[in-house]
Amino acid sequence: MAEKINKIHCIGCHAEVPDINEPAHEYIGASPGCWAIYTSILKKQYGEYGYPELEHRLTVDTYAVQHPGKPSKKSIQSVAVHLISLYYILEKDFTGKMSIKTIQQALHNKDKYTWLEPPDPIGKTTILDVEKAKDLKEHKIIVKEWAIDVWKAWSAHHDIIKKWADL
């Protein structure tokens, strides 16, 4: 008989995730169970899905901004550059590779970013929805919907994000 795993709500996305005692990320605000699901999705992207470049970039950016953590130098920088990346992909139709270049450029301005008060909720779609994808085609659709949903959740800060993108 399988052992029943207790569930908790993730501190970042509020999804109901396994309550496990494993390490999570240093400054991304995710519960260990949510972080474990996220890393399993990344493994699938690198392996079974053959690294879908755009969806991988959207997964990383979306997860980071849906789990902003607490105000600190690292979390402020992380949220800023990942929001800038989402802006370029979703608003300017950048590819994953083009977006990586914007992140590299944005890091030069890391001391100019400030804490943005996260929306509540930070989107309705979560990594749990991505986890349900049955194949690569469905994965791509869900990841895009997730990214759009989370980007819209940050709409109160879009003007600031666009200014940061122009730095």
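Whatever comes next refers back to the structure up there.
As the structure is a prediction and not an experimental result, all values here were calculated from the model. (Residues numbered from 1 in each chain as written. Predicted model: local features only at pLDDT ≥ 70, side-chain atom pairs only at ≥ 80, totals over all residues. Heavy atoms only, no water.)

A. Seen up close, a nonpolar patch on the surface. Among the surface-exposed residues, Y46, Y51 and I100 lie close enough to one another that they form a single nonpolar patch of about 290 Å² accessible area. Following the sequence through the fold, Y51 ends up in the loop between helix 1 (32-46) and helix 2 (53-66). (Patch = residues over 30% accessible without salt bridge, like charges linked within 9 Å, V, L, I, M, F, W, Y side chains within 5 Å. Areas by Shrake-Rupley, 256 points an atom, 1.4 Å probe, with all protein chains shown as cover. Salt bridge = Lys/Arg side-chain N within 4 Å of Asp/Glu carboxyl O. Helix = DSSP H or I, 4+ residues; strand = E, 2+ residues; numbered from the N terminus.)

B. Spatial organisation of the pattern of salt bridges. Within the structure shown, the criterion is met by 2 salt bridges. Here E26 makes a salt bridge to K74, at a shortest N to O gap of 2.9 Å. You can see E26 sitting in the loop between strand 2 (16-18) and helix 1 and its partner K74 sitting in helix 3 (residues 73-92), a full 48 residues away along the chain.

C. Region of interest: the environment of P119. Tracing the sequence through the fold places P119 in the loop between helix 4 (96-106) and helix 5 (127-131). Along the sequence, P119 and I41 sit 78 residues apart, while their C-alpha atoms lie 24 Å from each other. Sequence-distant contacts of P119, that is, excluding residues within four places in its chain, are made with A153 and W154. (Contact = heavy atoms within 4.5 Å.)

D. Here's a closer look at the nonpolar core. Formed by 48 residues in total, the largest nonpolar core has its most connected members in Y63, L83, I84, Y113, I127 and W154. With 11 residues, the single largest contributor to this core is helix 3. When residues no more than four places from it in sequence are discounted, the contact partners of L83 are V65, L116, W151, W154 and I161. (Core = buried A, V, L, I, M, F, W, Y, C linked by side-chain atoms within 4.5 Å. Buried < 20%, exposed > 50% of the residue type's maximum accessible area, 1.4 Å probe, protein only.)

E. Region of the structure containing helix 3. For helix 3, which comprises 20 residues, the first-to-last C-alpha distance of 27 Å matches the rise-based estimate of 28 Å (1.5 Å per residue) to within 8%. With respect to burial, helix 3 is a largely interior element, 15 of its 20 residues being buried. Phi turns positive, to about 60°, at D93, one or two residues after helix 3. (Expected span 1.5 Å × (residues − 1).)

F. Structural context of the packing of helix 2 against helix 4. The geometry of helix 2 relative to helix 4 is characterised by a closest axis approach of 8 Å and an angle of 40° between their N-to-C directions. Viewed along their axes, helix 2 and helix 4 adopt a mutual orientation that is oblique. Between helix 2 and helix 4, the residues in contact are E53, L54, R57 and D61 and G96, K97, S99, I100 and I103, respectively. Partitioning the contact of helix 2 with helix 4 into residue classes produces 3 nonpolar, 2 polar and 4 charged. (Axes fitted to C-alpha atoms, helices over the stretch in contact; angles between N-to-C directions. Parallel < 35°, antiparallel > 145°, perpendicular 65-115°, else oblique. Nonpolar A, V, L, I, M, F, W, Y, C, P; charged D, E, K, R; others polar.)

G. Region of interest: the packing of helix 2 against helix 3. Where helix 2 contacts helix 3, the two axes come as close as 9 Å, and the packing angle between them is 140°. Put simply, helix 2 runs oblique to helix 3. When the axes of helix 2 and helix 3 are compared, the crossing they make is left-handed. Contact with helix 2, carried on its side by L54, R57, L58, V60, D61, T62, A64 and V65, involves S78, V79, H82, L83, S85, L86, I89 and L90 of helix 3 and no other residues of that element. Class assignment for the residues of the contact of helix 2 with helix 3 results in 10 nonpolar, 4 polar and 2 charged. (Left-handed = near helix turned anticlockwise from the far one by under 90°.)

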